[in-house]
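Each chain is listed here by its residues.
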Amino acid sequence: MQNLISVFNSHRMSFAIIALASCLLSSPLQAQNAELDERLLLASPEAVQADAELLAHMNDLAEEAVDNHCAECHAEDLSGGPGVPNLVDFDWLWGVTGLEMTAVEPVMEIMQTITYGVRNTDCDDAIKMFGGCPDTRYSEMPAYAQLGMDEDMINNLVDYVLYLSGEDVNPFAVEVAADVWPVCTECHGEDGSGYKPFGGPDLTDDIWLYGGSGQEIYDVIANGRLGVCPPWGQELSAVTIKALSTYIYFRANGF
Ligand code: HEC
Ligand code: HEC
């Protein structure tokens, strides 16, 4: 009997210790995190920036997600690599124009990219729109060689693209390519500075997604490109996606 009571008591004791420990450690922390999560989800980027506690929570969530999910392609410091954009240089492919009046719109654009991905085709064919899954960022840089454009014209266009970014090239090639350039403007803009709704890169700056040598530019124009960023809406929580978007926007702005 004595034994049974002590077994019972020691069980009760360890139960009490576990309960106390989880009360002290996880529950209040969880409650506190849930409260911070909710505040972060509702806060504007400006409000996050003005609140040290929210800012720290955003950094924690975003940095963990970058390490676990984004660094393998975008690099740990998010500076990107061949075919993968730098996320913190304020040179955007999708959505963000830099002309927005508040930080809310660009953060929403980045949230859309992260939630639905770029050129996600991993869904039922019946629900695809123009080849992409619903709400994913989608467009296609055509493969002009396969569309029948000859080598000379592609070479002239390479010169035209280099001319757009301020390089000294054969003026005759530029003149000839200028007649064909209108087929490019739908996605790259008339002046070549890009078109964010279609993810057409700015061709006038010295930032290259696929490399700025004549040969690399030739290869893109001849063979096209379909860069893919996975959708994260199923894998990451809403608050993590909000944290990542705000974090990326802040870092791109140099904060
Ligand atoms: C498998 C590689 C891969 C992984 C993993 C990945 N990305 Fe991407 N991401 C890309 C590529 C490639 C692009 C460029 C798509 C294109 O060509 O438009 C891109 C584009 C983006 C863009 C658009 C940038 C712009 O300039 O508009 C954002 C934002 C982005 N990724 C965020 C993320 C985040 C956040 C994560 C982690 C949660 C992540 N990506 C994980 C490959 C990846
Ligand atoms: C239907 C839209 C569309 C059209 C039309 C189009 N492009 Fe593109 N272009 C893109 C997209 C989107 C990308 C980026 C591809 C990616 O993210 O994988 C791109 C990428 C490029 C790049 C690589 C830029 C870099 O930073 O590495 C060059 C160069 C380019 N296009 C030139 C042209 C030229 C020249 C034409 C016309 C002959 C043209 N494009 C027509 C959508 C288009």
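Sequence positions are assigned chain by chain, starting from 1 and proceeding in written order. To label them, take the chains in the order written and letter them from A, then take the ligands in the order written and number them from 1. With the structure being a predicted model, the display of local features is reserved for residues of pLDDT at least 70 and the display and counting of side-chain atom pairs for 80 or more, all residues being used for whole-chain, interface and lining totals.

### Quick notes on the site of ligand 2
Piece 1. Nearness between a residue and a molecule or strand is assessed with a C-beta atom placed from the backbone; a distance within 6 Å qualifies. Inspection of the region around ligand 2 gives 26 residues, with Met141, Cys184, Cys187, Tyr210 and Gly227 positioned closest.
Piece 2. Starting at the N terminus, helices and strands are each numbered in turn, a helix being any DSSP run of H or I of at least four residues and a strand any DSSP run of E of at least two. Contributing elements (two or more residues each) for the shell around ligand 2: helix H6 (151-164), helix H8 (185-188) and helix H9 (214-223).
Piece 3. Residues are grouped as follows: nonpolar covers Ala, Val, Leu, Ile, Met, Phe, Trp, Tyr, Cys and Pro; charged covers Asp, Glu, Lys and Arg; every other residue, Gly included, is treated as polar. A breakdown of the residues in the shell around ligand 2 according to their chemical character gives 18 nonpolar, five polar and three charged.

### A look at unusual backbone geometry
Piece 1. Although it is not a glycine, Ala75 adopts a positive phi angle of roughly 75 degrees.
Piece 2. Assignment of secondary structure puts Ala75 in the loop between helix H4 (52-74) and helix H5 (104-116).
Piece 3. Exposure in this text rests on C-beta crowding, where 20 or more other C-beta atoms within 10 Å of a residue's own make it buried, 12 or fewer make it exposed, and counts in between make it partly exposed. The C-beta atoms are placed from the backbone. Accessibility expressed as a C-beta count within 10 Å gives 15 for Ala75, which makes it partly exposed.
Piece 4. Here Phe130, not a glycine, exhibits a phi torsion of approximately 50 degrees, which is positive.
Piece 5. Within the fold, Phe130 resides in the loop between H5 and H6.

### Structural notes on the site of ligand 1
Piece 1. As a matter of local geometry, ligand 1 sits amid 24 residues, with Cys70, Cys73, Leu93, Gly227 and Cys229 nearest to it.
Piece 2. Looking at the shell around ligand 1, the elements with two or more residues in it are H4 and H5.
Piece 3. Here the element with the most residues in the shell around ligand 1 is H4; it accounts for six residues.
Piece 4. Looking at the shell around ligand 1 residue by residue, the class counts come to 17 nonpolar, six polar and one charged.

### A closer look at the packing of H5 against helix H10 (residues 238-252)
Piece 1. Packing of H5 against H10 brings their axes to within 9 Å, and their N-to-C directions diverge by 125 degrees. For the element pair H5 / H10, the angle class is oblique. With respect to the hand of their crossing, H5 and H10 are arranged in right-handed fashion. Residues Pro106, Val107, Ile110, Met111, Ile114 and Thr115 of H5 form the contact with H10, whose own contacting residues are Ile241, Lys242, Leu244, Ser245, Thr246, Ile248 and Tyr249.
Piece 2. Grouping the amino acids of the contact of H5 with H10 by side-chain chemistry returns nine nonpolar, three polar and one charged. Comment: axis = line fitted to C-alpha atoms, over the contacting stretch for helices; angle = value between 0 and 180 degrees taken between N-to-C directions. Each angle gets one of four labels, with under 35 degrees taken as roughly parallel, over 145 as roughly antiparallel, 65 to 115 as roughly perpendicular, and the rest as oblique. Crossings are assigned a handedness: left-handed for a near helix turned anticlockwise from the far helix by less than a right angle, right-handed for a clockwise turn. In this description, a residue-residue contact is defined by the distance between C-beta atoms placed from the backbone, which must lie within 7 Å.

### Focus on the nonpolar core
Piece 1. Definition of nonpolar core: a set of buried Ala, Val, Leu, Ile, Met, Phe, Trp, Tyr and Cys residues joined via C-beta atoms within 7 Å. In this structure, Met58, Ala62, Ile110, Ala243, Leu244, Tyr247 and Ile248 are the most contacted members of the largest nonpolar core, which totals 26 residues.
Piece 2. For this core, the secondary-structure elements that each account for two or more residues are H4, H5 and H10.
Piece 3. Element by element, the count of residues in this core is highest for H10, at nine residues.
Piece 4. Residues contacting Ala243, with those up to four places away along its chain left out, are Leu40, Met58, Leu61 and Ala62.
Piece 5. One finds Val158, Leu162, Ala177 and Leu203 within the second-largest nonpolar core, a separate group that totals 12 residues.

### Remarks on H5
Side chains three or four residues apart in an α-helix point the same way, a direct result of the helix having 3.6 residues per turn.
Piece 1. A helix is expected to span 1.5 Å for every residue after the first. If you check H5, its first and last C-alpha atoms are 18 Å apart, about what 13 residues at 1.5 Å a residue would give, namely 18 Å.
Piece 2. Of the residues making up H5, those classed as buried are Pro106, Val107, Glu109, Ile110, Met111, Thr113, Ile114 and Tyr116.
Piece 3. In the stretch just after H5, Gly117 is the one whose phi turns positive, near 75 degrees.

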